[in-house]
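Remarks on the overall topology
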Amino acid sequence: MGWDSALLLSLAVDAVMLTWIVVPAVLLGILVGAIPGFSAQNTLIILLPLTLAMDINMALAFMVSLYCATHLGGGIPAILVNMPGTGGAAATTLDGYQMTLKGKAQQALVLCFVASTIGGLVTSIATVALLPFLAQVGMYLRSVEMVAVMVFGLVLIAAIAADDPLKGIIAGFFGLMIGAIGTDHIYGTPRAAFGFLELYDGVPLVPALIGLFAISEAFSMMERSTIVPRSAVVDTRAHWADTLEGLRLSLKYWWLTIWTSFVGLLIGVVPGAGASIASFVAYQQARMFSKTPDEFGKGFAPGVVAPEAANNGVTSGTLVPLMAIGVPGGSTAAVMMVVLQYHGIVLGPRLFIESPEIAYGIFFSMTLSYIVMLFTILPLARYMSQVVLIPTRILVPMILSLTIVGAFANREYVFDMSLALVFGVIGYIARKTHYHVTAILIGIILGPLFEQYLLRSLRIGQGDLTILFSSTIGNVLWAFVVLSVLLPWLRSRQQERRRRVERETPTALTGDQPR
Amino acid sequence: MSQKVLQSLRQRRNAQLGADLIIPVLAAGFTLYYLISSSNLVWEARANGTVIGVVLLALIAVQVVRIVLNLRNGTGSLGFGDLGRWTPAQGQRLALIGVLILFIVTIPWLGTTLGLFLVMLAAMWILGLRQPVTLLAVAGGVAASVFLVFIVLLGARFPPGPVERVVVPLLGGGV
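Quick summary incoming for the structure in this document. Given the structure is predicted, the values throughout are model-derived calculations rather than measurements.

Parameters at a glance
- Residues numbered from 1 in each chain as written.
- Chains lettered and ligands numbered in written order.
- Predicted model: local features only at pLDDT ≥ 70, side-chain atom pairs only at ≥ 80, totals over all residues.
- Heavy atoms only, no water.
- Contact = heavy atoms within 4.5 Å.
- Buried area = accessible area lost by both parts, 1.4 Å probe.
- Salt bridge = Lys/Arg side-chain N within 4 Å of Asp/Glu carboxyl O.
- Polar contact = N/O pair within 3.5 Å; in protein donor to acceptor, adjacent residues only side chain to side chain.
- Helix = DSSP H or I, 4+ residues; strand = E, 2+ residues; numbered from the N terminus.
- Nonpolar A, V, L, I, M, F, W, Y, C, P; charged D, E, K, R; others polar.
- Expected span 1.5 Å × (residues − 1).
- Bend = angle between axes of the 7 residues up to and from the residue.
- Buried < 20%, exposed > 50% of the residue type's maximum accessible area, 1.4 Å probe, protein only.
- Phe/Tyr/Trp six-rings, centres within 6.5 Å; stacked < 30°, edge-to-face > 60°.
- Lys NZ or Arg CZ within 6 Å of the ring centre and 35° of its normal.
- Axes fitted to C-alpha atoms, helices over the stretch in contact; angles between N-to-C directions.
- Parallel < 35°, antiparallel > 145°, perpendicular 65-115°, else oblique.
- Left-handed = near helix turned anticlockwise from the far one by under 90°.
- Patch = residues over 30% accessible without salt bridge, like charges linked within 9 Å, V, L, I, M, F, W, Y side chains within 5 Å.
- Areas by Shrake-Rupley, 256 points an atom, 1.4 Å probe, with all protein chains shown as cover.
- 1 Å grid on protein atoms, 1.4 Å probe; cavity = no way out; pocket = protein on both sides within 12 Å on 5 of 7 lines; lining within 4 Å.
- Points joined across faces, edges and corners; volume = space filled by probe spheres on them.

Moving on, we get to the interface of chain B and chain A. In this assembly, 68 residues from chain B lie in contact with 72 residues from chain A. Taken together, both faces of the contact between chain B and chain A bury some 6,200 Å²; the carbon and sulfur share is 79%. Applying the counting criterion to the chain B and chain A interface returns six salt bridges. Two residues, K167 of chain A and D20 of chain B, come together in a salt bridge whose shortest N-O distance is 3.1 Å. In this assembly, chain B and chain A are joined by 13 residue pairs in polar contact (both at pLDDT 80 or more). Within the residue set of the side of chain B that touches chain A, elements represented by two or more residues are α1 (3-13), α2 (17-20), α3 (22-37), α4 (43-73), α5 (81-84), α6 (88-110), α7 (112-126) and α8 (132-153) of chain B. In terms of residues, the side of chain B that touches chain A owes the most to one element, α4 of chain B, which gives 16 residues. In terms of residue class, the side of chain B that touches chain A is built from 48 nonpolar, twelve polar and eight charged.

Have a look at this one:
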């Protein structure tokens, strides 16, 4: 699709008209981001009935604003209590908490807010400009390449997200297998539906999502009385001088903000890489190119700026593969995919031709939400940390009951509530044993799509599986699949060897034998 | 031997590998069920499950071999770790699952609002909340919010019960 200024103008006007839904979503997102262990996708799942009942543009504006705001909110407890609200804020703790210990909490918060909003704003505008090119790239992908893209995306998510790549890949393929439940596309014969008519259309995504993320998270949360111990909360009083100093530092490091936000955007485009990886990569980059690398980790402002700009840069990036090829770049994008599919939106290259207002509208909403954030967050910063003190004995029942009702809302089957509970138990076991739930969910989402492309390829090849290795782009992707399996495996073997050497060295010195 | 090395050795020896087998066993069981139950279908209907299933079974085999090697090296046991240990939280978790099953079974009669109110009360009670005012306020607040936002305002068709049948018509709606 070419540049159509009339369309862009009308999308900008539409985005501004949705400010009334963006403001509460931003406030809720900041609140949610500040609760460690509670993420954008969990909130979106809890609010799924509300989102599904909304008009598609409103629902997308709400989801995108909430998603972006959680990345900003995640930095608050990371700075105040050394506990990242989201995985993407883990790197922020390194210097943010050190600043708090030095009595510069307010400055650190301001740095975090400005870097987050500028990082998100710059990348969402850049993504609008880049999307037409990305959409064209999607056009070159046919069935054979799409099979490779899906396996690559799944393996990448599994290998990067899970601590143990093999466990992650098993989880991903388990998800794909669950996604194969239901009637086949050609003859309509049910497969592995356990005799349930409700599964003839395949495993519904909403209950799977609710179970794997929200219910399993609630079960894990029960092990703590409050999400953050009361003793961990630091008294932080706001002083305007600190706020102004934070703003001055933000201006001083403007180039770092821009640069690391693009690092985030690039990493976000890779399915599965996500905010955690982006923020650590950005932190490393900032340190590597710094004139004073030794200052990092001691409460140095760039140590807050770099990870925060990067984890907000990721927000635009993760939506790119979702829009361009229909593969969600992360778990929140997966939730959005569910909502888009519910509204009958077909994702992939054709989205830019058939529904350009959806494809571009998302990024306009994102831009608006960052502008709203910039003006709302500063006065609210000091109150945010109190959220982490909500007792889990109130929070857990709320999450469980609301999500179970949410599971019903999508198809209006009581069966779906039971399904959510079953997935909740599977998700809890998967979390406890480090089989990544995101990989299972992405597998379930990709299952039907994978079957569609695989069958199309096999019919072209008259049942010959070697058709999958007949295209150059496809073969390059298969090579990446092999590399993304082998590299983490080789790395873990190397670490294992290093650990063994470390273990044996003191034994040799002391003569002490392990029993 | 340093404390750190000793701790690392202890952790490795205490690895509960039985728990690591739960997901693979579930996955392998489901895959075999899929392959057997679809064996008499035409190839188009079987192709996807067979391709994925074969890869999954191969991956599971690798994981099992890895666990067996760890057991042979003495770097873990077949225990279930936290999942198999009986703790107060584990008991509460099972009780909550029971309450949720009861909620799902009875929702066609109790309806969403009353069901939610009762499940919230029971869940908070199980988790140790005993103040009657807090119990009633939170459970009532959640149930009332869902009723007002989803059933009255958005007109979502949640299972109706006594509350919906009495109150919604009074507000000018229909169940």
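That was the structure; now back to the text.
What follows covers α4 of chain B. Over its 31 residues, α4 of chain B runs 44 Å from end to end, which matches the ideal 45 Å to within 8%, given 1.5 Å per residue. At G49 of chain B, α4 of chain B shows its largest kink, close to 25 degrees. Among the residues of α4 of chain B, E44, A45, A47, N48, G49, I52, G53, L56, L59, I60, Q63 and I67 of chain B are the ones counted as buried. On the buried face of α4 of chain B, the contacting elements are α10 (165-179), β2 (190-191) and α21 (437-460) of chain A together with α2 and α3 of chain B. One or two residues past the end of α4 of chain B sits G74 of chain B, with phi positive at roughly 75 degrees.

What follows deals with the side chain of Q63 of chain B. With respect to the helices, strands and loops of the structure, Q63 of chain B is situated in helix α4. Apart from residues lying up to four places away in sequence, Q63 of chain B is in contact with L166, K167, I170 and Y435 of chain A together with D20 and P24 of chain B.

Moving on, we get to the packing of aromatic side chains. Taken as a whole and assessed by the stated rule, the structure comprises 14 aromatic pairs over all chains. A ring pair is formed by W259 of chain A and F289 of chain A, whose centres lie 5.5 Å apart and whose planes are at 70 degrees; its orientation type is edge-to-face. With W259 of chain A in helix α13 (residues 254-269) and F289 of chain A in the loop between α14 (274-288) and α15 (302-325), this pair connects stretches of sequence that are 30 residues apart. For W259 of chain A, a relative accessible area of 24% translates into the label partly exposed. Residue class for F289 of chain A comes out exposed when judged on its relative accessible area of 58%. Here F408 of chain A and F158 of chain B contribute two aromatic rings whose centre-to-centre distance is 5.8 Å and whose plane-to-plane angle is 40 degrees, an arrangement assigned as tilted. Of the two residues, F408 of chain A sits in helix α19 (residues 392-411) while F158 of chain B sits in the loop between α8 and α9 (162-170), which places them in two different chains. We note that F408 of chain A, like F158 of chain B, is buried. Three or more aromatic residues joined by ring pairs form one cluster here, namely F194 of chain A together with F30, Y33 and Y34 of chain B. Lying over the aromatic face of W125 of chain B, R130 of chain B brings its terminal NZ or CZ to 3.9 Å of the ring centre.

This next bit is on the packing of helix α11 (residues 205-221) of chain A against helix α20 (residues 414-432) of chain A. Residues and elements named next belong to chain A. The geometry of α11 relative to α20 is characterised by a closest axis approach of 6 Å and an angle of 55 degrees between their N-to-C directions. Here α11 is positioned oblique relative to α20, judged by the angle of their axes. Crossing of α11 against α20: the hand is right-handed. Contacts from P207, A208, I210, G211, L212, F213, I215, S216, E217, F219 and S220 of α11 reach α20 at D416, L419, A420, L421, F423, G424, G427, Y428 and R431.

Where nonpolar side chains cluster on the molecular surface, the patch consists of V476, F480, V482, L483, L486, L487, W489 and L490 of chain A and spans about 730 Å² of accessible area. Summarising the element assignment, F480 of chain A is placed in helix α22 (residues 472-510).

We now examine the pattern of salt bridges. Opposite charge on two side chains permits them to pair, given that their charged atoms come into close proximity. Following the criterion strictly, the structure yields twelve salt bridges over all chains and no others. Its salt-bridge partner being R191 of chain A, residue E451 of chain A comes within 2.6 Å of it at the nearest N-O pair. With E451 of chain A in helix α21 and R191 of chain A in strand β2, this pair connects stretches of sequence that are 260 residues apart. Assessed through its relative accessible area of 2%, E451 of chain A is described here as buried. Residue class for R191 of chain A comes out buried when judged on its relative accessible area of 1%. Between R93 of chain B and E223 of chain A there is a salt bridge, with the nearest N and O atoms lying 2.6 Å from each other. With R93 of chain B in helix α6 and E223 of chain A in the loop between α11 and α12 (240-252), this residue pair bridges two chains. On the basis of relative accessible area, E223 of chain A is assigned to the partly exposed category, the value being 42%. One salt-bridge network, in which partners are shared between bridges, spans E223 and K432 of chain A together with D82, R85 and R93 of chain B.

Okay, empty space enclosed by the protein next. Summed over the entire model, instances satisfying the criterion amount to one cavity of 30 Å³ or more. Empty space within the largest cavity amounts to approximately 40 Å³. Listing elements by their share of the lining of the largest cavity, those giving two or more residues are α19 of chain A together with α6 and α7 of chain B. Of all the elements, α19 of chain A adds the most residues to the lining of the largest cavity, at three residues. Taken together, the residues that form the lining of the largest cavity break down as six nonpolar, one polar and no charged.

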